[in-house]
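# Structural overview for review
Read off the chains here:
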Amino acid sequence: QVQLVESGGGLVQPGGSLRLSCAASGSIFAIYAMGWYRQPPGKQRELVATITSAGTTNYADSVKGRFTISRDNAKNTVYLQTNSLRPEDTAVYYCNAIITQYARPRSEYWGHGTQVTVSS
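In this report, the structure presented in the accompanying data block is examined. Keep in mind that this is a model prediction, so the values were computed, not measured.

Here is what the cut-offs are and how they apply
Residues numbered from 1 in each chain as written. Predicted model: local features only at pLDDT ≥ 70, side-chain atom pairs only at ≥ 80, totals over all residues. Heavy atoms only, no water. Helix = DSSP H or I, 4+ residues; strand = E, 2+ residues; numbered from the N terminus. Rg over C-alpha atoms; globule rule 2.2 N^0.38 Å. Buried < 20%, exposed > 50% of the residue type's maximum accessible area, 1.4 Å probe, protein only. Pairing = 2+ DSSP bridges. Axes fitted to C-alpha atoms, helices over the stretch in contact; angles between N-to-C directions. Salt bridge = Lys/Arg side-chain N within 4 Å of Asp/Glu carboxyl O.

## Let's talk about the overall build of the protein
The number of helices and strands found in the protein is zero helices and eleven strands. Of the regular secondary structure in the protein, the N- to C-terminal order runs β-β-β-β-β-β-β-β-β-β-β. A compact globule built from 120 residues would reach a C-alpha radius of gyration of about 14 Å, and the protein, at 14 Å, matches this within 12%. When the backbone C-alpha atoms are referred to their principal axes, the protein occupies close to 50 × 25 × 25 Å. Per-residue burial over the protein gives 42% buried out of 120 residues.

What follows is the structure, encoded as C-alpha cells:
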C-alpha cells in the first residue's frame, strides 16, 4: 500500500509564504512524476505544479514566479514553496504521484489534502 501525506498548510496573510511537503511511503519501487494540485472553494481541482524524476518542472500560469516545486528522491518527498501568496491561492492543496510498486503496474496516488488559507 502507498500513502501520500501532506503537511505545511495553514493560515497566512497576503504576501506571506508557506512550504508544503508531501512524503510518499509504502512498498515503492519507483516514483515518476510528482505534483501539487489545488481545489479552491466551490471550484474544480486544478494543476499547480509538477516535477518529473529528472527534475523537469511545469507550473500553472497563475503561480509562475511565486511558487517553486522541488523533490528529494532519497526521501520520496515533494515540496511546494509558496511565496507572495494571494487570497485567490486559498484552496485545499493535494499531493499527486505516479508510482510503481513491486510487481504491480504504474498507478496514480493522491494525498488527503492540506488547507491553505490566505487572509488578513
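Further notes follow.
## Quick notes on the pairing of strand 5 (residues 46-51)
Taken together, the five bridges between strand 4 (residues 28-39) and strand 5 define a ladder with antiparallel strand orientation. Its bridge partner being in strand 5, tryptophan 36 is matched across the sheet by alanine 49. Linking two consecutive strands that pair antiparallel, namely strand 4 and strand 5, is a turn of six residues; a positive phi of about 75° is found at glycine 42 within it. In terms of strand pairing, strand 5 meets strand 6 (residues 57-59) through three bridges, oriented antiparallel. Residue pairing for strand 6: isoleucine 51 is matched across the bridge by threonine 57. Hairpin connection, strand 5 to strand 6: the antiparallel pair is bridged by five residues, and glycine 55 has positive phi, about 100°.

## Describing the sheet that holds strand 7 (residues 67-72)
Strand order in the open sheet formed by four strands is 1-3-8-7, and the pairing between neighbours is antiparallel. The open sheet is flanked by strand 1 (2-7) and strand 7, the only strands paired with a single partner. Between one strand axis and the next, the sheet turns by 15° as a mean value, whatever way the strands run. For strand 3 (residues 18-26) and strand 8 (residues 77-82), the ladder comprises six bridges, and the chain directions are antiparallel. Across the sheet, serine 21 pairs through a bridge with tyrosine 79, a residue of strand 8.

## With respect to the pattern of salt bridges
Inspection of the entire model under this criterion finds four salt bridges. Arginine 38 serves as the salt-bridge partner of aspartate 89, at 2.9 Å between the closest nitrogen and oxygen. In this pair, aspartate 89 sits in the loop between strand 8 and strand 9 (91-101) while arginine 38 sits in strand 4, placing the two residues 51 residues apart along the sequence. Across the pair aspartate 61 and lysine 64 runs a salt bridge whose closest N-O atoms are separated by 3.1 Å. Within the structure, one salt-bridge network assembled from shared partners comprises Arg38, Glu46, Arg66 and Asp89.

By themselves, these figures tell us nothing about what the structure is for.
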